Amino acid sequence: MEDLNDIYNDIIMEHSMNSYNKKKLENADFCEIGHNPNCGDEITLEIKLNGDKIEDMAFTGHGCAISQASTSIMIDTLKGKTVQEAKEIIKTFIEMIKREITDESELEKLENAICFRNISHMPARVKCALLAWHTLEEMLNKK
Ligand code: ZN
């Protein structure tokens, strides 16, 4: 039986190697740059809204496998959600990384993003995993 951590690693590798979410967005409504100087990760997030719904999202940039995969998986998770839903999922993701989740069922709404759960064991990588989520949170709060 494949270990759960292996499955998580597979998801992260798949997204970091060839992300279909890594592109320029036509007619983006908002754009925000995120930077993690500790590692050299830099991403530009673009978002297209339709009313209150996240119609499309994409990113460009460069950085380590964790930062790139986390950005791509975040986009998959939040596309099609409302801004309010997205904010709640972002909050849950940040709480998961900081190990502040007490109710396990809360994690279900993270979908594949749950694969970053064990990143809290690697303090040097935490900022890489959080970069996209903090960047989007900032963008949604400004809007
Ligand atoms: Zn990094």
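Just so it is clear, the structure is predicted and the values come from calculations on it, not from any experiment.

Break down unusual backbone geometry for me, citing the residues and quoting the values.
At Asn 27, a residue that is not glycine, the phi angle is positive and equals roughly 55 degrees. Structurally, Asn 27 can be placed in the loop between helix 1 (4-17) and strand 1 (30-36). For Asn 27, a relative accessible area of 60% corresponds to the exposed category. For Glu 111, which is not a glycine, the phi torsion comes out positive at approximately 50 degrees. Looking at the secondary structure, you find Glu 111 in the loop between helix 3 (83-97) and helix 4 (123-142). Among the residues examined, Glu 111 registers a relative accessible area of 41% and is labelled partly exposed.

Now, about the nonpolar core: what can you tell me, with residues and values included?
Membership of the largest hydrophobic core comes to 43 residues, with the highest contact counts inside it found for Leu 45, Met 57, Phe 93, Met 96, Phe 116 and Leu 136. Breaking this core down by element, the ones donating at least two residues are helix 1, strand 2 (41-50), strand 3 (53-62), helix 2 (65-78), helix 3 and helix 4. No other element matches helix 4, which puts 10 residues into this core. For Met 57, the residues in contact, after removing those within four places along its chain, are Leu 25, Leu 45, Glu 46, Ile 47, Met 74, Ile 75, Leu 78, Lys 79 and Leu 136.

Any details on the pattern of salt bridges? Residues and values, ideally.
What the rule picks out here adds up to seven salt bridges. Of the charged contacts in the structure, one is a salt bridge between Lys 91 and Glu 95, with a shortest N-O distance of 3.3 Å. Of this pair, Lys 91 and Glu 95 both sit in helix 3, separated by four residues, roughly a single helical turn.

Describe the coordination of the zinc ion, with residues and values.
With distances of 2.2 to 2.7 Å, the protein atoms coordinating the zinc ion are Cys 39 (SG), Asp 41 (OD), Asp 41 (OD), Cys 64 (SG) and Cys 128 (SG). Counting gaps between the donor residues of the zinc ion yields the pattern C-x1-D-x22-C-x63-C. Here Cys 39, found in the loop between strand 1 and strand 2, pairs with Cys 64, found in the loop between strand 3 and helix 2; they are 25 residues apart in sequence, far enough to count as distant. Residue class for Cys 64 comes out buried when judged on its relative accessible area of 18%.

Could you give an account of the sheet that holds strand 1, naming the residues involved and the relevant values?
Read from one edge to the other, the open sheet built from three strands follows the order 1-2-3, with strand pairing classed as antiparallel. The open sheet has two free edges, formed respectively by strand 1 and strand 3, since each of these has just one partner strand. Averaged over all pairs of adjacent strands, the angle between their axes in this sheet comes to 20 degrees, without regard to strand direction. As paired strands, strand 2 and strand 3 are joined by nine bridges and run antiparallel to one another. Residue Ile 43 lies in a different strand from strand 3, and its bridge partner there is Gly 61. Along the sheet, helix 2 makes contact with strand 2 and strand 3, crossing strand 3 at roughly 170 degrees.

Explain a negative patch on the surface to me, and be specific about the residues and the numbers.
A cluster of like negative charges, contributed by Asp 3, Asp 6, Asp 10 and Glu 14, occupies part of the molecular surface. Its location among the elements puts Asp 10 in helix 1.

Run through the packing of helix 2 against helix 3, naming residues and quoting values.
The description of two packed helices rests on the angle between their axes and on the distance between the axes. Orientation of helix 2 relative to helix 3, taken along the N-to-C sense of each, is 140 degrees, at an axis distance of 11 Å. Here helix 2 is positioned oblique relative to helix 3, judged by the angle of their axes. Remark: the crossing between helix 2 and helix 3 carries right-handed chirality. Counting all contacts with helix 2, which are made through Ser 70, Thr 77 and Leu 78, the residues of helix 3 involved are Ala 86, Ile 89, Ile 90 and Phe 93.

Rules of the game
- Residues numbered from 1 in each chain as written.
- Predicted model: local features only at pLDDT ≥ 70, side-chain atom pairs only at ≥ 80, totals over all residues.
- Heavy atoms only, no water.
- Helix = DSSP H or I, 4+ residues; strand = E, 2+ residues; numbered from the N terminus.
- Buried < 20%, exposed > 50% of the residue type's maximum accessible area, 1.4 Å probe, protein only.
- Core = buried A, V, L, I, M, F, W, Y, C linked by side-chain atoms within 4.5 Å.
- Contact = heavy atoms within 4.5 Å.
- Salt bridge = Lys/Arg side-chain N within 4 Å of Asp/Glu carboxyl O.
- Donors = N, O, S within 2.8 Å, 3.2 Å for Na, K, Ca; no water.
- Pairing = 2+ DSSP bridges.
- Axes fitted to C-alpha atoms, helices over the stretch in contact; angles between N-to-C directions.
- Patch = residues over 30% accessible without salt bridge, like charges linked within 9 Å, V, L, I, M, F, W, Y side chains within 5 Å.
- Areas by Shrake-Rupley, 256 points an atom, 1.4 Å probe, with all protein chains shown as cover.
- Lys, Arg positive; Asp, Glu negative; His and termini not counted.
- Charge placed at Lys NZ, Arg CZ, Asp CG, Glu CD.
- Parallel < 35°, antiparallel > 145°, perpendicular 65-115°, else oblique.
- Left-handed = near helix turned anticlockwise from the far one by under 90°.

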